[in-house]
Every structure is written in C-alpha cells, then in structure tokens.
Amino acid sequence: MRRALPQLVRRWHVLALVRQHDPQLSALGITQIEGDLDRPETLTRLAGISDAVIHSAPPPPQGTDDTRTRNLIATLQRGKSLPRQLVYISTSGVYGDCGGAWVSETRSPAAQSARAARRVDAEHRLRRFGRQPGRHCRVSILRAPGIYAADRLPLERLHKRLPLMLHAEDSHTNHIHADDLGRACIAALARGRANRAYNINDDSSLLMGEWFDALADAFALPRAPRLPREEVRRLVPPLQWSFMNESRRLDNSRMKQELRLRLRYPTVAAGISAVL
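The text that follows walks through the structure, step by step, so that each part is easy to find. (Residues numbered from 1 in each chain as written. Predicted model: local features only at pLDDT ≥ 70, side-chain atom pairs only at ≥ 80, totals over all residues. Heavy atoms only, no water.)

## Description of unusual backbone geometry
Unlike most non-glycine residues, Asn195 shows phi in positive territory, near 50°. As for its placement among the helices and strands, Asn195 is situated in the loop between α6 (178–191) and β11 (196–199). One non-glycine residue with positive phi stands out, namely Ala220, at about 55°. Within the secondary structure, Ala220 is located in the loop between α7 (208–218) and β13 (226–227). (Helix = DSSP H or I, 4+ residues; strand = E, 2+ residues; numbered from the N terminus.)

Written out as structure tokens, the structure reads:
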C-alpha cells in the first residue's frame, strides 16, 4: 500500500491509521491518526472523516472472524456520513485449491485454510456494509495472489534448499508486483464497481517450480531440488505447504476491462528484470 502513497497524495488529502508515528509518512505530507484495529476504543477519530478508504490491514492471526474489519466497519458506521467508496485488499486464497483450473471472480470462495477463511469473513462483512440501505458506500474487493518486489522476493527459500514438487505434480501459481497492486488500488478508487471483486494478477502462467527457477537463475543461485509431492509435504513447514498445495490460474480480464489497469510489470520476467 505504501507504494501507492506518492500518487495518492497528489490527488487526495491522505490520512493514515498507524499504531505509532511514522516519520516517512510525515515526509510525504500524510496526516497520521494513531490507533489500533485490535482496540476499537482507539478508532473513534476515524468516524465521518473520509471520502474514501483503502483497507489493507490483514486479519488477526487467530480465529475464524476478521475482528479488525469488524471494528473498522463499526467505527465508520458511527460517523454522520459514510465514505463514498472503500477498497479492500483481499487474497486469491479465498478460492482454495482449484486443481489448476482458470478462475474468474464468479467462482464461489472455498477457503481451505483458517488464514483464507478470515479473508472470506472480511469480504462478507464489507459486502454487507456496502449494501446497507440508505447509506451507500461503494465497496470494491481486490483479490491479490503472491505479491513481490525488490524487497519481497523469497530468496531465503532457495538459500535453504527447500524442495519443490516434480514438474508433473506441481501447482500453478499467480503473481503481482507490489507497484501494480498499488496502482490497482488507485484504479479501483476511480473505476471500481459496487460490491465487485477483482482478481489482481499479472499475465504470467507459471508452475511454482518455474517461478523459483526463474529467481534462482536471475540471482545466480542453485535451483531447488525437485521431489515427489508427498515427500515435499513432509519436508516443508506446514504454512508453506498450505500455499504449495493450492493450484489455480487467475483470470484478470475483469481487472483490465473494468479498472482499465495497464500493468507496469505484465509478467514476472519483467518484474525480475526491473529488480535486477
């Protein structure tokens, strides 16, 4: 989200909810409001002050509900006026494992991890918020897959030599450069439709092993060893396996047609080249 701030401050008076004061935000001319989505009593200053909201906070690490989104909505509803629009950064993990099928936004969520289930809860809460009669707020949901940038590359995994699956058993994976995700937020503020979900991903169609091979080759690192799927499941951490075990290919047609977003990094090859 920080990558979108230089563009946002040229068009908006930007206020940021922060747990503690951040000098970098001050340097951009951003007004900071200290508060914590886990402590609703600290959020009272948020009510009725925004024309638009970008909600990028992840759900809490435990439980089945996104209490942070619940607290945010409750605070916004106490204001004399609601924001005219709200953009929420969700995750493509809400779809669960799709067996490598192409997935559009019309597919019903089928989260298979508690982490993704909390995102589904957040989406449902925000959709209800956007549908409430008499007090309209246009809610747009951006479902992002693996986010990468120069400071967000999984090179440590390659250094650790953790195994990947054999090509024939591998999972499809999806990606978006952090800069393009920030630009998607701005596009959604301008053109996102009410209670509409958008897959925010580039045009790459890669297996997970192909993604890590591309990183290894670009950074002159040894490629990860390949093993049968069940052996990999036993050797990698459970959290990492939860990502590896889900396979889907995201259709980004709606993003291009409705948000009219032209990606700066349309493939991971372009993104890696820019990093280098």
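## Re the sheet that holds strand β6 (residues 138–144)
Pairing within the open sheet is parallel, and its four strands lie in the order β3-β4-β6-β11. Both edges of this open sheet fall to β3 (52–55) and β11, since each of them pairs with a single strand only. Taken pair by pair, the neighbouring strands of this sheet meet at an average axis angle of 20°, ignoring direction. As defined by bridge partners, β6 adjoins β11 across four bridges and the pair is classed as parallel. Across the sheet, Ile141 pairs through a bridge with Ala197, a residue of β11. (Pairing = 2+ DSSP bridges. Axes fitted to C-alpha atoms, helices over the stretch in contact; angles between N-to-C directions.)

## Some thoughts on the packing of aromatic side chains
For the coordinates displayed, the defined rule picks out one aromatic pair. Between Arg115 and the ring centre of Phe243, over which it is positioned, the NZ or CZ distance is 4.2 Å. Sitting over the ring of Phe212, Arg157 keeps its end group 5.1 Å from the ring centre. (Phe/Tyr/Trp six-rings, centres within 6.5 Å; stacked < 30°, edge-to-face > 60°. Lys NZ or Arg CZ within 6 Å of the ring centre and 35° of its normal.)

## Comments concerning the nonpolar core
Among the nonpolar cores identified, the biggest contains 26 residues, and Leu8, Leu142, Ile200 and Leu259 are the most heavily contacted of them. Top element by residues in this core is α6. It accounts for seven residues. Apart from the residues lying within four places of it in its own chain, the contact partners of Leu8 are Met1, Val14, Ile54, Ile186 and Leu189. Core analysis: the second largest hydrophobic core is formed by 21 residues, Leu155, Leu206, Leu215 and Val236 among them. (Core = buried A, V, L, I, M, F, W, Y, C linked by side-chain atoms within 4.5 Å. Buried < 20%, exposed > 50% of the residue type's maximum accessible area, 1.4 Å probe, protein only. Contact = heavy atoms within 4.5 Å.)

## Remarks on α7
Residues of α7 that are buried: Met208, Gly209, Trp211, Phe212, Asp213, Leu215 and Ala216. Ala220, located one to two residues past α7, shows a positive phi value of around 55°.

## Examining the pairing of β3
Across the two faces of β3 the burial differs, with Val53 and His55 buried and Ala52 and Ile54 not buried at all. Here β3 runs beside strand β4 (residues 85–91); their pairing, made up of four bridges, is parallel. When the bridges of β4 are listed, Val53 appears paired with Leu86. In this fold, the crossover linking β3 to β4 by way of helix α3 (residues 67–77) has right-handed handedness. (Right-handed = clockwise from strand over helix to strand, strands pointing away.)

## Structural notes on the pattern of salt bridges
In the structure shown here, the tally under the stated rule is 20 salt bridges. One salt bridge connects Glu41 with Arg39, and the closest N-O pair in it is separated by 3.5 Å. Judged by its relative accessible area of 44%, Arg39 is partly exposed. Here Arg125 and Asp65 are joined by a salt bridge, their closest N and O atoms 3.9 Å apart. With Arg125 in helix α4 (residues 114–131) and Asp65 in the loop between β3 and α3, this residue pair connects regions lying 60 residues apart in the sequence. (Salt bridge = Lys/Arg side-chain N within 4 Å of Asp/Glu carboxyl O.)

## Overview of the packing of α3 against α4
Running from amino to carboxyl end, α3 crosses α4 at an angle of 15°, the nearest separation of the two axes being 10 Å. Taken together, the axis directions place α3 and α4 in an arrangement best described as roughly parallel. Read as a crossing pair, α3 and α4 show a hand that is right-handed. For the pair formed by α3 and α4, the contact residues are Thr69, Arg70, Ile73, Leu76 and Gln77 on the first element and Ala122, Arg125, Leu126 and Phe129 on the second. Of the residues in the contact of α3 with α4, the class split is five nonpolar, two polar and two charged. (Parallel < 35°, antiparallel > 145°, perpendicular 65-115°, else oblique. Left-handed = near helix turned anticlockwise from the far one by under 90°. Nonpolar A, V, L, I, M, F, W, Y, C, P; charged D, E, K, R; others polar.)

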